[in-house]
Amino acid sequence: QVQLVESEGDLVQSGGSLRLSCTASGSIFSIDAMGWYRQAPEKQRELVAAITSYGSTNYTNSVKGRFTISRDNAKNTVYLQMNSLKPEDTAVYYCNADVRLLYYYTTSLNYWGQGTQVTVSS
């Protein structure tokens, strides 16, 4: 079993910053891609940012230039640095990872974090 545990979100004023972290634990051989999704009220869950095991990144257009995804492979941790936050960034943020298990590493399995609330006030 693999667990992805996210840091607590927060209430942040518009223009502020917040860093989220997500740490995977369990019988992990390696982790391929990791990413952050978010789901705002009455909206579908959307990909915010993703990062490969080698550090290649991808962002949704609305966060480009403001958010930075990074990872620490030794700690099985992915981060999302969020700067210049806007009210429209308000959402529950979910960590996601493609994990190869110690005894089942020929393919990756997808796991989700528990979600953390980020609220940006105007």
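Okay, so let's go over this structure. Since the structure is predicted, the reported quantities are computational estimates derived from the model, not experimental observations. (Residues numbered from 1 in each chain as written. Predicted model: local features only at pLDDT ≥ 70, side-chain atom pairs only at ≥ 80, totals over all residues. Heavy atoms only, no water.)

### Digging into the packing of aromatic side chains
To keep things clear, this is the line we draw: By convention, a stacked pair of Phe, Tyr or Trp rings (six-membered ring in the case of Trp) has centres within 6.5 Å and planes under 30 degrees apart, an edge-to-face pair has planes over 60 apart, and any other such pair is tilted. Secondary structure elements are taken from DSSP: a helix is a run of H or I of four residues or more, a strand is a run of E of two residues or more, and numbering for both begins at the N terminus. Only protein chains enter the accessibility calculation, which uses a 1.4 Å probe; a residue is then buried when its area is under 20% of its type maximum, exposed when over 50%, and partly exposed in between. Look at NZ for Lys and CZ for Arg. If either is within 6 Å of the ring centre and within 35 degrees of the ring normal, a charge sits over the ring.
In total, this model carries three aromatic pairs according to the counting rule given. Seen from their ring centres, Tyr94 and Trp112 are 6.3 Å apart, and the 90° between their planes marks the pair as edge-to-face. Of this pair, Tyr94 sits in strand β9 (residues 91-101) while Trp112 sits in strand β10 (residues 104-112), placing them 18 residues apart in sequence. Classification of Tyr94 by relative accessible area gives buried; the value is 15%. Among the aromatic side chains, those forming a connected cluster through ring pairs are Tyr37, Tyr94 and Trp112. In this structure, Arg45 packs its charged tip against the face of Tyr94, placed 3.7 Å from the ring centre. When the ring centre of Trp112 is taken as origin, the NZ or CZ atom of Arg45, which lies over that ring, is 4.7 Å away.

### Describing the sheet that holds strand β1 (residues 2-6)
To be explicit about the condition: By the convention used here, strands pair only if DSSP detects at least 2 bridges between them. Each axis is a line fitted through C-alpha atoms, and for a helix only the stretch in contact is used; angles between axes span 0 to 180 degrees, taken between their N-to-C directions.
Here four strands make up an open sheet; going across it, the order is β1-β3-β8-β7 and the pairing antiparallel. Because the sheet does not close on itself, it has two edges, and the strands there are β1 and β7 (67-72). Each neighbouring strand pair of the sheet contributes to a mean axis angle of 15°, computed without reference to strand direction. As paired elements, β1 and strand β3 (residues 18-26) share five bridges and run antiparallel to each other. Following the sheet pairing, Glu6 is matched in β3 by Cys22.

### Let's talk about the nonpolar core
Grouped burial of nonpolar side chains is what soluble globular proteins tend to show. So the rule is basically this: Here the nonpolar core consists of buried residues drawn from Ala, Val, Leu, Ile, Met, Phe, Trp, Tyr and Cys, with membership extended through side-chain atoms lying within 4.5 Å. Throughout, a contact is declared for two residues whenever any of their heavy atoms are within 4.5 Å.
Judged by nonpolar contacts, the single largest core of 32 residues is most densely connected at Trp36, Leu80, Met82 and Tyr93. Of all the elements in the fold, those that place two or more residues in this core are β1, β3, β4 (28-39), β5 (46-51), β7, β8 (77-82), β9 and β11 (116-121). Ranked by residue count, the leading element in this core is β9, at six residues. Aside from chain neighbours lying at most four places away, what touches Tyr93 is Glu6, Leu20, Trp36, Tyr37, Arg38, Val48, Phe67, Leu80, Met82, Gly115, Thr116 and Val118.

### Focus on the pairing of β8
In terms of residue burial, β8 counts as a mostly covered element, since five of its six residues are buried. Direction of pairing for β3 relative to β8: antiparallel, over a ladder of six bridges. Among the inter-strand pairings, Ser21 is bridged to a residue of β8, identified as Tyr79. Of the strand pairs in this sheet, β7 and β8 are connected by six bridges, and their pairing is antiparallel. Directly across from Phe67, in β8, lies its bridge partner Met82.

### Here's the deal with the environment of Val2
By the secondary structure assignment, Val2 is in strand β1. Distance from Val2 to Tyr111, taken between C-alpha atoms, is 7.4 Å for residues 109 residues apart in sequence. Not counting residues up to four positions away in its chain, the partners in contact with Val2 are Ser25, Ile28, Val99, Leu101 and Tyr111.

These values are about where atoms sit, not about what they do.
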